[in-house]
Amino acid sequence: MEYGVRLSMDNKKIVITGASRGIGLEMARTLISKGHTVFGAVRNPDGASDLQDAGPAGILQLDISDQDSIDNFSKELSGVTDSLDILVNNAGITSNDLGADRRQCNPWQIDPKIVLAETGINALGPMMVTRGLVELLEAGNNPIVMNTSSQLGSMVIGAMMPFDVAYNVSKAAVNMITVMSASTNKNIAFVALHPGWVKTDMGTEAAELEVPDAANAIVESLLGLTIEDSGRFIRWDGTDHPW
Ligand SMILES: NC(=O)c1ccc[n+]([C@@H]2O[C@H](COP(=O)([O-])OP(=O)(O)OC[C@H]3O[C@@H](n4cnc5c(N)ncnc54)[C@H](OP(=O)(O)O)[C@@H]3O)[C@@H](O)[C@H]2O)c1
């Protein structure tokens with residue numbers, strides 16, 4: 001446990017899942033540089049050297065597809081903090097990560113096991129991580145859960161980009177989980193995020209946004225959220241995304 005940064009007056013305690021690389025890692029760097037206390041949740045702590053270099057308050061093991069790992073994570077986190085202000089459910093996958101052939105990820109050819117497995121990770125993963133941390137969040141200050149969705153989870157946009165039904169379904173599902181969480185828990189603000197098309201391993205080099213630009217914009221939007229925003233679907237810049 002190491003605190004290598006000056007703590008700001010409005011220091012927030014933040015968990016980011018999938019903080020080993022991509023958008024999650026860059027958000028961790030940005031939030032740490034602003035003086036916040038960041039706990040990075042990663043599948044393989046021994047391999048998280050980039051996150052380690054950023055100086056988080058802690059690096060904890062978490063595989064969001066594994067309930068035992070979620071239980072151990074929430075127990076471990078409860079041992080080091082008695083409250084949490086922000087949970088960023090960022091970890092996610094595409095059908096490629098499950099070995100599917102992208103050309104066969106349409107509704108007519110995809111293996112239904114891929115749809116179930118991907119929804120388990122991209123939608124039920126965030127739901128169960130949030131469930132494991134809800135008591136810490138309820139003890140937090142202006143607590144926020146940001147569920148990383150995608151424009152592909154939007155009925156409008158998903159219909160225009162019908163390449164990977166498992167991914168689109170999983171992100172539509174996390175959108176529904178977000179609005180249902182918002183309507184059933186009035187103590188915590190729940191938002192769904194489209195982070196933009198970002199140049200990560202998932203987004204590829206062809207994407208529109210550089211990782212630091214996306215992460216900076218998401219962090220600015222995140223830190224401006226209040227309970228009034230609960231139930232919204234936002235873009236990286238905080239504007240409303242259509243459902
Ligand atoms: N990049 C884009 O253009 C884009 C667009 C829309 C939405 N998104 C969403 O934004 C989020 C971040 O995407 P990214 O582009 O940063 O992706 P990425 O570069 O592929 O990184 C994915 C992250 O998720 C972690 N992860 C995957 N499965 C996990 C599991 N079962 N348990 C815990 N962690 C797991 C990975 O950990 P390991 O290092 O251990 O694999 C990694 O840290 C995702 O939810 C994605 O769907 C991205």
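In the block above lies the structure referred to throughout.
Every value quoted in this text rests on a predicted model; they were computed, and no experiment measured them.

**Overview of the sheet that holds strand 6 (residues 189-194)**
Part 1 of the reasoning: In spatial order, the strands read 3-2-1-4-5-6-7; together these 7 strands make up an open sheet with parallel pairing. Two strands in the sheet have a free side with no partner beyond their single neighbour: strand 3 (58-61) and strand 7 (233-235). Averaged over neighbouring strand pairs, the angle between their axes works out to 25 degrees when direction is ignored.
Part 2 of the reasoning: Judged from the 4 bridges that link them, strand 4 (residues 86-89) and strand 5 (residues 144-148) form a sheet pairing that is parallel.

**So, the site of the ligand**
Part 1 of the reasoning: Surveying the vicinity of the ligand reveals 27 residues, the closest of which are Ser20, Arg43, Tyr167, Val198 and Thr200.
Part 2 of the reasoning: In this structure, asparagine 90 approaches the ligand through a main-chain N or O atom, which is 2.8 Å from an oxygen atom.
Part 3 of the reasoning: Residue lysine 171 places a side-chain N or O atom 3.0 Å away from an oxygen atom belonging to the ligand.
Part 4 of the reasoning: In isolation the ligand has 900 Å² of accessible area, and contact with the protein removes 93% of it.
Part 5 of the reasoning: Looking at the shell around the ligand, the elements that each hand over two or more residues are helix 1 (22-33) and helix 6 (165-184).

**Describing unusual backbone geometry**
Part 1 of the reasoning: Here asparagine 142, not a glycine, exhibits a phi torsion of approximately 50 degrees, which is positive.
Part 2 of the reasoning: Structurally, asparagine 142 can be placed in the loop between helix 4 (112-138) and strand 5.
Part 3 of the reasoning: Look at threonine 204: it is not a glycine, yet its phi comes out positive at around 70 degrees.
Part 4 of the reasoning: Within the secondary structure layout, threonine 204 lies in the loop between strand 6 and helix 7 (211-223).

**Regarding the pattern of salt bridges**
Part 1 of the reasoning: Considering all chains together, one arrives at 7 salt bridges under this definition.
Part 2 of the reasoning: Linking arginine 21 and aspartate 201 is a salt bridge whose minimum nitrogen-to-oxygen distance equals 2.7 Å. You can see arginine 21 sitting in the loop between strand 1 (13-17) and helix 1 and its partner aspartate 201 sitting in the loop between strand 6 and helix 7, a full 180 residues away along the chain.
Part 3 of the reasoning: With a relative accessible area of 61%, aspartate 201 lands in the exposed category.
Part 4 of the reasoning: Note that aspartate 101 and arginine 103 form a salt bridge whose closest N and O atoms lie 2.9 Å from each other.
Part 5 of the reasoning: Accessibility expressed as a relative area gives 69% for arginine 103, which makes it exposed.
Part 6 of the reasoning: A single network of salt bridges, built from pairs that share partners, joins Asp229, Arg232 and Asp240.

**Structural notes on the packing of aromatic side chains**
Part 1 of the reasoning: Inspection of the entire model under this criterion finds 1 aromatic pair.
Part 2 of the reasoning: Residues phenylalanine 233 and tryptophan 243 carry aromatic rings whose centres are separated by 5.1 Å and whose planes lie at 35 degrees to one another, so their mutual orientation is tilted. Taken together, the positions of phenylalanine 233 in strand 7 and tryptophan 243 in the segment after strand 7 put the pair 10 residues apart, joining distant regions of the chain.

**Comments concerning the packing of helix 1 against helix 7**
Part 1 of the reasoning: Interaxial distance between helix 1 and helix 7 falls to 9 Å at its minimum, and their mutual angle equals 60 degrees. By the angle class used here, helix 1 and helix 7 are oblique. Crossing angle aside, the handedness with which helix 1 passes helix 7 is right-handed. Contact residues: Gly22, Ile23, Glu26, Met27, Thr30 and Leu31 in helix 1; Val211, Pro212, Ala215, Asn216, Ile218, Val219, Leu222 and Leu223 in helix 7.
Part 2 of the reasoning: Along the lines of polarity and charge, the residues of the contact of helix 1 with helix 7 split into 10 nonpolar, 3 polar and 1 charged.

Thresholds applied
- Residues numbered from 1 in each chain as written.
- Predicted model: local features only at pLDDT ≥ 70, side-chain atom pairs only at ≥ 80, totals over all residues.
- Heavy atoms only, no water.
- Pairing = 2+ DSSP bridges.
- Helix = DSSP H or I, 4+ residues; strand = E, 2+ residues; numbered from the N terminus.
- Axes fitted to C-alpha atoms, helices over the stretch in contact; angles between N-to-C directions.
- Near = heavy atom within 4 Å.
- Polar contact = N/O pair within 3.5 Å; in protein donor to acceptor, adjacent residues only side chain to side chain.
- Areas by Shrake-Rupley, 256 points an atom, 1.4 Å probe, with all protein chains shown as cover.
- Salt bridge = Lys/Arg side-chain N within 4 Å of Asp/Glu carboxyl O.
- Buried < 20%, exposed > 50% of the residue type's maximum accessible area, 1.4 Å probe, protein only.
- Phe/Tyr/Trp six-rings, centres within 6.5 Å; stacked < 30°, edge-to-face > 60°.
- Parallel < 35°, antiparallel > 145°, perpendicular 65-115°, else oblique.
- Left-handed = near helix turned anticlockwise from the far one by under 90°.
- Contact = heavy atoms within 4.5 Å.
- Nonpolar A, V, L, I, M, F, W, Y, C, P; charged D, E, K, R; others polar.

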